[in-house]
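Given next are the chains, with one letter for each unit.
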Protein chains: 2
Amino acid sequence: MLDAHLEQRLHATWETNADAWTNAVRAGRISSRRTTDAAILDLVIALAPQRVLDVGCGEGWLTRALGTRGIAAVGVDGSAALIQQAQAAGGATFHLLSYEAIIADPEQLHGSYDLIVCNFSLLGETLVPLLSALRTALRVDGQLVVQTVHPWSARGDSHYYRDGWRTEHFASFGEDDWQPMPWYFRTLSSWIASCRQARLQVERCIEPADPATDQTLSLIIVAHSA
Amino acid sequence: MLDAHLEQRLHATWETNADAWTNAVRAGRISSRRTTDAAILDLVIALAPQRVLDVGCGEGWLTRALGTRGIAAVGVDGSAALIQQAQAAGGATFHLLSYEAIIADPEQLHGSYDLIVCNFSLLGETLVPLLSALRTALRVDGQLVVQTVHPWSARGDSHYYRDGWRTEHFASFGEDDWQPMPWYFRTLSSWIASCRQARLQVERCIEPADPATDQTLSLIIVAHSA
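Thresholds applied
Residues numbered from 1 in each chain as written. Chains lettered and ligands numbered in written order. Predicted model: local features only at pLDDT ≥ 70, side-chain atom pairs only at ≥ 80, totals over all residues. Heavy atoms only, no water. Helix = DSSP H or I, 4+ residues; strand = E, 2+ residues; numbered from the N terminus. Rg over C-alpha atoms; globule rule 2.2 N^0.38 Å. Contact = heavy atoms within 4.5 Å. Areas by Shrake-Rupley, 256 points an atom, 1.4 Å probe, with all protein chains shown as cover. Lys, Arg positive; Asp, Glu negative; His and termini not counted. Charge placed at Lys NZ, Arg CZ, Asp CG, Glu CD. Pairing = 2+ DSSP bridges. Axes fitted to C-alpha atoms, helices over the stretch in contact; angles between N-to-C directions. Least-squares fit on C-alpha atoms with pLDDT ≥ 70 in both.

Student: Looking at this structure, how should I read the overall build of chain A?
Tutor: Along chain A, the regular secondary structure elements total seven helices and nine strands. Radius of gyration (C-alpha) of chain A: 16 Å, near the 17 Å computed for a compact globule of 226 residues. Here the C-alpha coordinates of chain A stretch approximately 40 × 40 × 40 Å along the principal axes. A separation of at least 24 residues holds for 65% of the contacts in chain A among residues at least 6 apart in sequence. Carbon together with sulfur atoms contributes 49% to the accessible area of chain A, which is approximately 9800 Å² in total. Considering chain A, the positive charge centre built from 17 side chains and the negative charge centre built from 25 side chains are found 4 Å apart.

Student: Before we go on, may I ask you to explain the sheet that holds strand 5 (residues 138-149) of chain A in this structure?
Tutor: Sheet strands associate in pairs through backbone hydrogen bonding, adopting either a parallel or an antiparallel arrangement. Within the open sheet, the seven strands sit side by side as 3-2-1-4-5-9-8 (chain A). Their pairing is mixed. A single partner strand is all that each edge strand has here, and the edge strands are strand 3 (93-96) and strand 8 (200-206) of chain A. Within the sheet, the average angular offset between the axes of one strand and its neighbour, ignoring direction, is 20°. Summarising the sheet, strand 1 (residues 51-55) of chain A and strand 4 (residues 113-119) of chain A pair through three bridges and their orientation is parallel. The residue bridging A:Asp54 from the neighbouring strand is A:Val117, located in strand 4 of chain A. Each of strand 1, strand 4, strand 5, strand 8 and strand 9 (218-225) of chain A touches helix 2 (residues 31-47) of chain A; the most contacted strand, strand 5 of chain A, lies at about 170° to it. Across the sheet, helix 7 (residues 188-197) of chain B lies against strand 8 and strand 9 of chain A, angled at about 130° from strand 8 of chain A, the strand it touches most.

Student: What exactly am I supposed to notice about the relation of the copies chain A and chain B here?
Tutor: Mapping between the two copies of the chain is achieved by a rotation about an axis and a shift along the axis. Note on the copies: chain A fits chain B at an RMSD of 0.0 Å, the axial shift is 0.0 Å, and the rotation between them is 180°. Such a combination of rotation and displacement between the chain copies is what one expects of a two-fold axis. Residue by residue, 91% of the interface of chain A is reproduced at the interface of chain B, so both copies engage with the same surface.

Student: Just to check I follow, could you spell out the sheet that holds strand 3 (residues 93-96) of chain B for this structure?
Tutor: Residue and element names in this part refer to chain B. Overall, mixed pairing links the seven strands, which are arranged 3-2-1-4-5-9-8 in an open sheet. Looking at strand neighbours, the two that pair on one side only are strand 3 and strand 8 (200-206), the edges of this open sheet. On average, each strand axis in the sheet is tilted by 20° relative to the strand beside it, whichever way the strands run. The sheet contact formed by strand 8 and strand 9 (residues 218-225) spans six bridges and is antiparallel. In the strand pairing of strand 9, Cys205 is matched with Ile221. Sitting on the sheet, helix 4 (residues 80-89) is in contact with strand 2 (72-77) and strand 3, with an inclination near 165° to strand 3.

Student: Can you walk me through unusual backbone geometry in this structure?
Tutor: Note: most residues except glycine have negative phi, and most peptide bonds are trans. Residue and element names in this part refer to chain A. Geometrically, the link from Gly111 to Ser112 is a cis peptide bond, its omega value of 10° lying close to zero. Looking at the element boundaries, Ser112 is found in the loop between helix 5 (99-104) and strand 4. The backbone of His110 sits at a positive phi, close to 55°, despite the residue not being glycine. Note that His110 resides in the loop between helix 5 and strand 4.

Distances and angles like these do not, on their own, reveal function.
As structure tokens, then:
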């Protein structure tokens with residue numbers, strides 16, 4: 001059963017944490033991001049898309065990084081505060097657009113895109129309707145790329161390996177005043193099943209690892225229309 | 001670079017360990033197998049195939065279990081000693097057939113099958129040519145089902161999370177005289193990439209877990225012709 005209360009809190013947390021988040025990202029304070037940022041950027045560039053949609057773009061670093069490489073990139077996010085930060089930094093096109101709005105009317109995305117990327121931005125429980133909506137904004141043969149916390153490393157010792165809501169305390173994200181954020185954990189099986197339910201075919205996985213410890217930091221799923 | 005020496009030792013080990021293995025399986029001495037045996041059997045039955053090929057059937061428990069449920073099941077294995085055990089126990093059709101022979105001439109499998117299952121039997125480094133050969137023995141819309149040690153739990157603390165040869169010492173497999181067996185570890189990404197290279201599309205993953213500890217015991221991949 002969908003927990004609408006937690007979905008709402010997830011959304012509200014991004015407004016509250018928008019400045020702290022923007023500072024943390026732009027100061028490079030999230031150490032794992034050095035690896036995972038490079039992984040997603042290198043992958044998208046290697047896939048050589050012309051038009052990219054960055055869903056849940058946040059303060060916009062990835063959209064901007066693609067823009068500087070000559071890729072027509074559009075970023076959308078449901079947080080007004082983050083989109084404000086993105087627009088202020090410029091370098092690409094940014095729109096305020098909630099996931100609910102995308103689900104209700106995917107034509108607002110102005111597809112079709114060669115590639116849609118969701119970089120650590122699929123944090124809610126509602127996934128299949130969003131993935132389905134994004135699929136309709138892909139051109140034929142277009143690809144969806146999702147980077148998420150690695151289900152195995154994110155499992156946590158105190159949790160069962162099952163889908164469910166967890167709490168991010170941003171403990172390692174710097175000294176700003178963070179509001180804890182609910183987020184929805186998914187197993188590997190659940191990610192792949194959700195893609196399939198949204199009629200997306202998983203074609204590849206990448207598991208970026210910390211070069212020093214070899215610890216798997218994230219899971220990247222590449223999929224296309226089934 | 002393919003390590004032919006280790007591939008050969010892997011093969012030879014099954015001959016040496018055939019009796020100990022047969023005893024361990026039939027006495028139910030491998031505790032994780034209670035969960036993983038039920039998982040693969042339940043899945044194959046749920047997929048409702050009429051003709052099943054069990055590749056690397058070993059002493060034949062799964063082939064037999066399918067046979068008793070009215071499914072026309074054929075088991076093949078590269079170990080003469082294990083096929084002898086399987087044939088002696090009966091209950092299904094068993095053939096001695098090495099993976100090299102399958103790769104060289106897949107028609108020896110006498111397809112087409114509704115489902116081909118590889119239950120903890122893809123232990124060597126040579127994978128894509130074997131998967132490709134098995135694909136040709138599937139009917140259109142047929143499914144390949146692979147159960148393997150879960151890449152994340154099998155990683156081991158002393159190993160990097162990278163493809164490579166490991167050693168199984170059978171420490172928890174009972175007091176028989178076991179010969180250590182080389183086997184080839186693959187990451188999740190590598191499994192999915194190998195399927196794709198063999199023109200098999202991953203449609204689903206299942207991650208059977210120990211009901212007591214919730215520890216993920218295996219990964220089951222369900223794929224079909226791409």
